[in-house]
Structures are given as structure tokens and as C-alpha cells.
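Chain residues, written in single-letter form:
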Amino acid sequence: QTGRRDLWSEAETPKQSRDPRAETLKHRLPQPPSFAAMTGKTAPPATDPAPKKKPVPTPKEEPAPAPAAEGSTAPEHPPADEPAPVPTAEATPAPEGPPAPSAEPQAPKPEKPSAETPSSPLSLAVEEVSKDSVTLTWKAPEKTGRPGLDGYVVEICKDGSTDWTAVNKEPFLSTRYTVQDLSSGDKIHVRVKAVSASGASVPATLEQPVLIREILQLPRIRMPRHLRQTYVRRVGEAVNMMIPFQGKPQPEVIWTKGDQPLDTSHINIRNTEKDTIFYIRKAQRSDSGKYELTVRINGAEDKAILDIRVIEPPGPPQNLKLVDVWGFNVALEWTPPLDNGNSEIKGYTVQKSDKKSGKWFTALERCTRTSCTISDLIIGNTYSFQVFAENACGLSEKAAVTSAVAHIKKTKTTYQPEKIPQRDMMEPPKFTQPLTDRTTTRGYSTHLFCCVRGFPQPKIIWMKNQMEIREDPKYIAMTEQGVCSLEIRKPNPFDAGIYTCKAVNPLGEASVDCKLDVKGKI
């Protein structure tokens, strides 16, 4: 008993106190190697197992550690993935007697699942083949994983074997790699893996083995310009295309449609050293689609897409209705045809037919909408209408016809003449342009003119020296639109004198005079 008290008093003395943290770590259980190997992290501190009871402790023995003070068992930097230990209460002296058993050892936490591995590299292809090497290209994977991509590993395997061998010792980040020191004539399979800290991806593998031999000229398709766009043909027409290519030695030519080989009973393919010919005797709608041409030499290949569209006239429009009739106009509506003939609808053609003639006449062409108004119809006629759909192949074979007819009714109109106020137009004769004196030469005909107005139209009388000129062939008198003229034919000195024009009507009379001189000897 005396020895125990001495030991407790010695432990309570500040100068001789031991570090409780060092004592606690000294009695911890050893860290399991599997946990450290799997996680690469520092093991969490473990508690002491209960010590076995001893009969009587001697002065040389260490006292049982008291409960740890606040923060005494926690490491200075706890792992990021594990919560910090909860601080314990302040240490108190242990009671007399055997030491109190410590807490049970903590079990290690389960291992967290590894980060997501990267996805497979994309578009693995052969860029070049020589007599002892092959050059590969590919694209980076879509997913590189959380740790990030470390690089790629290229593996090869001889045809007929299952033993894959890595050709690069360390991962590299380039998406192009040349495999060297290969034997000419061998067939090898190639695959590429993406590698990160979380592991390797599913490998991207070439579909066909690569024959190691020198390629004098890489395969290349020389697509004609007119075939780079959609190639359009009508149903029943022939499809005949020649596509040149290059490559040495003789490349392998492969045609597919939707990753399936072509039906050689319907489509004829003829290959030569420099080109391939695609021929269909009578095209059908089912021949439309995208065809893939592949030219391959020992894994190196070139591809081209050929888009063929086979069209035919569209079906008739649907649901043609006579919407309204007013005045000389008719409104029509319809819906697009169910079958567009494998080509875009360019417009609609509307025709009309009157009941009397029964003939169809085009009223509207290339109407791009599904409604229209037909105007300038004849009153009293009854009309029917039909609509054709049109695409790149032409008009539809059948038309949609209206079930109802449009009758253009006659509208009753009453003519009301305009009321014009009556005006008294009676007026006595009045000369607006008098006669003028004239001098003429003997033997040259001359004219005398004047203008007169009056209502009723006045009677015109010509006189010479106050004598009325009657039916004399030497004189010709005319009156037109109020203009009075007197022609004197080949006058002589005897025709000289005073000439008078007199106008007479029921309201009065008026006259004008002039003098005529004739020069020349008698």
C-alpha cells in the first residue's frame, strides 16, 4: 500500500510527470497493414485493450494510464476523410486498486470506393503502315475521371494469339503513336487504353488486324463535286455513279448502308484499280439513304458518305374546303398531302371550272400557303375548284376537288341617271373672228376666213358688193364648227371689191366685211 501511494504521488508531481500522449500512443495496437496499403492514409489511433490484472504492482512498474485529457489522443493533423476525435474529460486520479480497463479498440473504417475510371479513347485509326511499323491516331476519351488522365498505353497482339503486350513502358499524353520493330508480313491486333490514378479504361480496339507491309500510297477517295451534295433521282430512273480513288497496293473497296452490306441483286457494284461504279437500273424510294464507301489498305482507310434521294410526285392535298363566297370572290382552305414524294412541297396550283363549259382553267400557281382567295369570277356562273400539290418532281397525279360548288349570285342594281340642270342655249349670231382685208395676185386662188357662233346654228350668206353670191363655180363656200371660209379661184381684177359674210338665225343676224385687191394687168 505504501508503495502504491508513493507511485501516485510521484505521478502527480509536476516535475516528474510523464507525457500522457506518449504513454497513450505507446499502448496503442499496431496498425493493420491492409488498411494502409489500400488507402495510403495514416491509420486512425486505436485504444488500449484492457490490461491483465497483476497481483501487486511494484515500484518499477508503470501506472495504468488515466483517461486522456482533452485532445490528448487526437493526432496533430487528422485525416481529411475522418472526423476529429471527440475531446474527453480532464484526467482524474485513478482510485486505489488495480488499474481501470481502457476503452475497446476502434475498428478501422471501411475503404471508400475508388474514383471513376476514364472512358475508352475515341476514333482509333491507322494513319500509316510501313514494312516494320504502324502509326496510330485516336481522340481523347469523353470522361477522364476525377484524378485526371495520366496518359495512354498501347498494346499489340499477333493474329491468332491472345497474349497482349504493352509497347510503351510509361503512359504518354499524345494521341498519336508509332509502334516500331515489327516483322513484315505479320498481322497484329492493336488496342489503346486510357490510364489514370483510379485505373485503366476499357480498351479501344481496331476492328481488323493490321498487315505489316509497306504502303506505297495511302488510300484516298476523290469524291466528284456533284456527289458531295445530295444526289437526286426520280423513281424509275437509273442511278449511275463512278467514284475514283487512289492507293497502292490495290485497296479493298467496301460499300455499306446503315452498317449493313448492300443487296447485290438490286445494286450493282463494279470495282477497278482506280475507281468504283455504283449502278441501279431502276431506282425506288427505298434506295434513298446514306451510303458509306470505305477504301482500305492494311488497316489504313479513307471513308466517304454518299447521300441519295429518290423522289416521285406527291399525293393530293387533303381536306379541301370552300370556306366562303362573297361578291366575285371565293375563299379556299386545305391541308398538305400525306405523302410529299420524298421531296419538299414547293407550292400548290389552284384551278377553277364553271358549270357551263366544264373546262378547267388555272387560277393560281405556286401558292406557298394552304389557303387562298380566287377573285374576278363571273356573275351568274357556278364554279368548282381543285388543288394540286407540287414538289421538285412536278405536280401531283391527282387533285383534291371541292365537294361543294360556288354560285356567284346576281346583285340587283337600279340605274339612276344624273340630273343635269337645263340651260337656255339660245343665242343670236355673233362673229368671234371678223374678215380681214386681203391683197392677192392675179391667177392665184385666195381664201377669206371668219368665225361665228349662235344657236340655233345660223345660216351663212356670202355677198360681193352687197350682191349675194349664188351658185358660181368661181366661188366655193364652206362652214364647219363655226368656221366660215370662201375660196376665190384664180381671181382677176374684176373679182376685186367688198366681200360680206352674213349670219342669220331666228334670234337675229350679224355680218362682217373685208376688201379684196387683185394685182395684175387687165
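Identification of the protein as Myosin-binding protein H from Anhinga rufa is taken from an unreviewed UniProt entry. Regarding the protein, the relevant UniProt record gives this comment under Sequence similarities (unreviewed entry): "Belongs to the immunoglobulin superfamily. MyBP family." Recorded under Function (unreviewed entry), the UniProt text for the protein is reproduced unchanged: "Binds to myosin; probably involved in interaction with thick myofilaments in the A-band."

Moving on, we get to the packing of aromatic side chains. Counted under the stated rule, the structure contains nine aromatic pairs. Centre to centre, the rings of phenylalanine 172 and tyrosine 177 are 4.9 Å apart; their planes meet at 20°, and the pair counts as stacked. Exposure class is identical for phenylalanine 172 and tyrosine 177. Each is buried. With a centroid separation of 5.2 Å and 70° between ring planes, the pair formed by phenylalanine 278 and tyrosine 291 is classed as edge-to-face. With phenylalanine 278 in strand β16 (residues 275–280) and tyrosine 291 in strand β17 (residues 289–297), this pair connects stretches of sequence that are 13 residues apart. Phenylalanine 278 sits in the buried class, given a relative accessible area of 0%. A relative accessible area of 1% places tyrosine 291 in the buried class.

One pass over the full model with this rule turns up 14 salt bridges. Between lysine 474 and aspartate 495 there is a salt bridge, and its shortest N-O distance comes to 3.1 Å. Here lysine 474 is found in the loop between β32 (467–468) and β33 (475–480), whereas its partner aspartate 495 is found in the loop between β34 (483–488) and β35 (497–505), with 21 residues between them in sequence. Both residues of the pair, lysine 474 and aspartate 495, belong to the buried class. Two residues, glutamate 509 and lysine 502, come together in a salt bridge whose shortest N-O distance is 3.7 Å. Residue class for glutamate 509 comes out exposed when judged on its relative accessible area of 51%. Overall, the relative accessible area of 25% leaves lysine 502 in the partly exposed class. Connected through salt bridges with shared partners, the residues Glu155, Arg191 and Lys193 form a single ionic network.

Moving on to the sheet that holds β16. Read across the open sheet, the four strands follow the order β10-β12-β16-β15; overall the sheet is antiparallel. Every other strand in the sheet has two partners, leaving β10 (217–221) and β15 (268–271) as the edge strands with one partner each. Taking each pair of neighbouring strands and ignoring which way they run, the sheet shows an average axis angle of 15°. Summarising the sheet, strand β12 (residues 239–248) and β16 pair through six bridges and their orientation is antiparallel.

A separate point is a nonpolar patch on the surface. Where nonpolar side chains cluster on the molecular surface, the patch consists of Met425, Met426, Phe455 and Leu507 and spans about 400 Å² of accessible area. Summarising the element assignment, leucine 507 is placed in the loop between β35 and β36 (508–519). Residue leucine 507 is classed as partly exposed on the basis of its relative accessible area of 44%.

As a rule of thumb, soluble globular proteins bury nonpolar side chains together. Ranked by internal contacts, the top residues of the largest apolar core, which has 24 residues, are Val134, Leu136, Trp138 and Val154. Elements with a minimum of two residues in this core: β1 (122–129), β2 (134–139), β3 (149–158), β5 (176–179) and β6 (187–196). For this core, the element with the most residues is β6, which contributes four residues. One finds Leu227, Ile267, Leu293 and Ile308 within the second-largest nonpolar core, a separate group that totals 22 residues.

Next up on the list: the sheet that holds strand β19 (residues 318–326). If you walk across this open sheet you meet the three strands as β19-β20-β23, and the pairing is antiparallel. Strands with a single pairing partner mark the edges of an open sheet, and in this sheet they are β19 and β23 (371–374). Direction aside, neighbouring strands of the sheet carry axes that sit 20° apart on average. Two elements, β19 and strand β20 (residues 329–335), share six bridges in a ladder whose sense is antiparallel.

Parameters at a glance
Residue numbers here run from 1 along each chain, matching the order of that chain's written sequence. For this predicted model, a pLDDT threshold of at least 70 governs which residues receive local features, and a threshold of 80 or more governs which side-chain atom pairs are given and counted, while totals over whole chains, interfaces and linings are taken from all residues. To obtain the side-chain values, all non-hydrogen atoms of the structure were included, while hydrogens and water were left out. UniProt positions are given in the numbering used here, feature names are shortened, and annotations may be inferred rather than shown by experiment. The pairing test for Phe, Tyr and Trp rings, Trp by its six-membered ring, is centres within 6.5 Å, and the orientation test on the planes gives stacked under 30 degrees, edge-to-face over 60, and tilted for anything in between. Burial classes: relative accessible area under 20% of the type maximum marks a residue as buried, over 50% as exposed, and values in between as partly exposed (1.4 Å probe, protein chains only). Counting from the N terminus, the helices are DSSP H or I runs at least four residues long and the strands are E runs at least two residues long. Note on definitions: salt bridges are taken to be side-chain nitrogens of Lys or Arg within 4 Å of carboxyl oxygens of Asp or Glu. Criterion used throughout: strands pair if DSSP finds at least two bridges between them. Axis angles are defined between N-to-C directions and span 0 to 180 degrees, where every axis is a line fitted to C-alpha atoms and, for a helix, only to the segment in contact. Each patch groups residues whose relative accessible area exceeds 30% and which form no salt bridge, using 9 Å between like charges and 5 Å between nonpolar side chains of Val, Leu, Ile, Met, Phe, Trp and Tyr. Areas reported as accessible are Shrake-Rupley estimates using a 1.4 Å probe. Residue values count occlusion only from the protein chains shown. Working definition of a nonpolar core: buried Ala, Val, Leu, Ile, Met, Phe, Trp, Tyr and Cys residues. They are joined through side-chain atoms within 4.5 Å.

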